[in-house]
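Spelled out, the chains give:
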Amino acid sequence: MREKIILMLVLLFLGVLIILPLCVVFLLSIVPRWSSVFPTSFSFEWWLAILKPKFTKVILNTLLVTAVSTLITVGYAIIASYLFAFYDFRGKEILSSLILSPTYVAGVVLALGLLTMYPLIRNTFWILMLGHFVVISPIVFRCVLSSMIKIPNNLIEASYSLGSSKANTFWRIVLPLSKQGILSGTVLSIGTNISELSVSLLLYGAGWATIPIQIYLERGWGILGIAGVLSTILILITLTTVFCVDYLGGKKP
Amino acid sequence: MTEVRAENLSKSFGDTHVTKNLNFTIKHQEFLTLLGASGCGKTTTLRLVLGSIFPDSGRIYFNGEDVTDIPCYKRNVGIVYQDYALFPHLNIYENIAFGLKVKKEKNTESKVKEIMETLQISGLEERYPHQISGGQQQRVALARTLVVRPKILLLDEPLSNVDAKLRYELRNELKKIQRMMKIATLYVTHDQEEALTISDRIAIMNNGRIIEVGKPRDIYFHPKENYTKEFMGVISKRLKNLEQIGIR
């Protein structure tokens, strides 16, 4: 009985901290003017305002950055993990901590460095991509590596002994057996790419704002309605992709 | 029909010499056992023959042809591991057909069917490795390897994961299958009794060296080296009537 009460309290606490703010964000998007404690009227005027090219561009930017960055990041993570899991080379340990280090460094600091180092691609899509890649790839790498490292070496050797080349073994044995790690890496990548702010805020150029950046800007200008709509869209995109990827991964033999 | 000859094989990992100047021959259709305590370099020797690692010096010949630099996937050497190493994401049929499909061989289906009948595992096609027993897994592992007609069969302690009663049965069966397939076999074990009953010849290994090679009877009753005497002596205290266990 006591456990049940504690469990309820924990759930209530989580609800107040996580679920409720999300609901309020949605509420924000359908309240034209929120001046008193409780909203007085509802309308979809903010949702109509979002159809302006300025905002649709922001949404498209986000989807583009997320899609391209996820493709590159997951591809990189698979190749790097394969090398780390099945090959021994000098300086492996040091390289692994180097690869993982951006996780522990503040995004703004990295962004500042990238901005100074690559003046040629400043204000373009590519520096935004680069920033996202630098901060997100270590997380995805770790996720994929942890599943690849669990594949017993005997399986790989058995495959070779049956005449299967390295490439064929990679496609037929390594990839299928690390599917779970690759899928959760993809979910992580999509989730973090879509909501990345600390690096992109410094790196984004004119016309390349993403949803989180726009939310930040709107809040600065005090237009909470637009921020509410964008936040709701952000949540919806994230939930849909996570759900889709999880559904794909759920199909086990 | 393949004969394997290893000449002066040496391999070290870092500063440790795992095998030192190994010389041995596996004759046509012979069942040769590498017997030694754990860490004596017998598994490394096996992997050298398999081609998953390469020797620092020395050569390996299959029927006189130098295969030292040929990678594992071109050597056509079959292996069965202690944990069987079946592909967990493929069903039994796909596991056994794996090598045939890789080599794009014809009549995959009938060849798989035939080997499954030979090894008495028909009917398991649709199952997955985790759904069958240890004994069945071993047969599947054997079938997967033998169906591609390897030149040599390597067995890496394949009996150490099964219980004592089953081990005795599987041991006889392994020998029967090896005879039937007429395939040169290199068997790795640390179990003296197993080695004595299954092998045509035994190579005693210690500290990366082959101490002595001989027929089970000679190794047991007339060991030439002190180490062999010592190592085999462990079981003479345990087994009173050696004829009973079927020493070869």
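The structure this text deals with has already been given above.
## Here's the deal with the nonpolar core
- Core analysis: the largest hydrophobic core is formed by 107 residues, its most contacted members being B:Ile96, B:Ile115, B:Leu142 and B:Leu154.
- If one sorts the elements of this core by residue count, helix H6 (residues 125-148) of chain A sits on top with 12 residues.
- Each of domain 1 (1-76 + 160-248) and domain 2 (84-149) of chain B gives at least three residues to this core.
- What B:Ile115 contacts, discounting residues up to four positions off in sequence, is B:Ile96, B:Ala143, B:Leu146, B:Val147 and B:Met181.
- Core analysis: the second largest hydrophobic core is formed by 22 residues, A:Trp46, A:Ala49, A:Leu183 and A:Val229 among them.

## Focus: the environment of B:Phe24
All names here are of chain B.
- Among the structural elements, Phe 24 can be located in strand S2 (residues 16-26).
- When the C-alpha atoms of Phe 24 and Asn 8 are compared, they prove to be 8.8 Å apart, with 16 residues separating the residues in sequence.
- Setting aside residues up to four positions removed in sequence, Phe 24 forms contacts with Val 4, Arg 5, Ala 6, Leu 32, Thr 45, Val 49 and Ile 210.

## Thoughts on empty space enclosed by the protein
All names here are of chain B.
- Counted by the stated rule, this structure contains 1 cavity of 30 Å³ or more.
- In this structure, the largest cavity encloses a volume near 40 Å³.
- If you trace the largest cavity, you find it lined by Gln 138, Arg 139, Leu 142, Leu 170, Glu 173, Leu 174 and Ile 177.
- At the level of elements, helix H5 (134-146) and helix H6 (164-181) are the ones that each hand at least two residues to the lining of the largest cavity.
- Across the lining of the largest cavity, the residue classes break down as 4 nonpolar, 1 polar and 2 charged.

## Concerning the packing of helix H3 (residues 92-102) of chain B against H5(B)
All names here are of chain B.
- Axis separation between H3 and H5 bottoms out at 7 Å; the angle between their running directions is 30 degrees. Comparing their axes, H5 and H3 come out roughly parallel. For the pair H3 and H5, contact is made by Ile 92, Asn 95 and Ile 96 and by Val 140, Ala 143 and Arg 144, respectively.
- Tallied by class, residues from the contact of H3 with H5 come to 4 nonpolar, 1 polar and 1 charged.

## Looking at helix H7 (residues 153-161) of chain A
Residue and element names in this part refer to chain A.
- The buried fraction of H7 amounts to 7 of the 9 residues, a majority that puts the element mostly inside the structure.
- All of the buried residues along H7 are Leu 155, Ile 156, Glu 157, Ala 158, Ser 159, Tyr 160 and Ser 161.
- Looking one or two residues beyond H7, the residue adopting positive phi is Gly 163, at roughly 95 degrees.

## Here's the deal with the sheet that holds strand S5 (residues 65-66) of chain B
Residues and elements named next belong to chain B.
- The strand order across the open sheet formed by 4 strands is S2-S1-S4-S5, and the pairing between neighbours is antiparallel. The outermost strands of the open sheet, each flanked by one partner alone, are S2 and S5.
- Packing against the sheet, helix H1 (residues 42-50) makes contact with strand S1 (4-13), S2 and strand S4 (57-62), and its axis sits at approximately 60 degrees to S2.

Conventions we followed
Residues numbered from 1 in each chain as written. Chains lettered and ligands numbered in written order. Predicted model: local features only at pLDDT ≥ 70, side-chain atom pairs only at ≥ 80, totals over all residues. Heavy atoms only, no water. Core = buried A, V, L, I, M, F, W, Y, C linked by side-chain atoms within 4.5 Å. Buried < 20%, exposed > 50% of the residue type's maximum accessible area, 1.4 Å probe, protein only. Helix = DSSP H or I, 4+ residues; strand = E, 2+ residues; numbered from the N terminus. Domains from an automatic or database assignment. Contact = heavy atoms within 4.5 Å. 1 Å grid on protein atoms, 1.4 Å probe; cavity = no way out; pocket = protein on both sides within 12 Å on 5 of 7 lines; lining within 4 Å. Points joined across faces, edges and corners; volume = space filled by probe spheres on them. Nonpolar A, V, L, I, M, F, W, Y, C, P; charged D, E, K, R; others polar. Axes fitted to C-alpha atoms, helices over the stretch in contact; angles between N-to-C directions. Parallel < 35°, antiparallel > 145°, perpendicular 65-115°, else oblique. Pairing = 2+ DSSP bridges.

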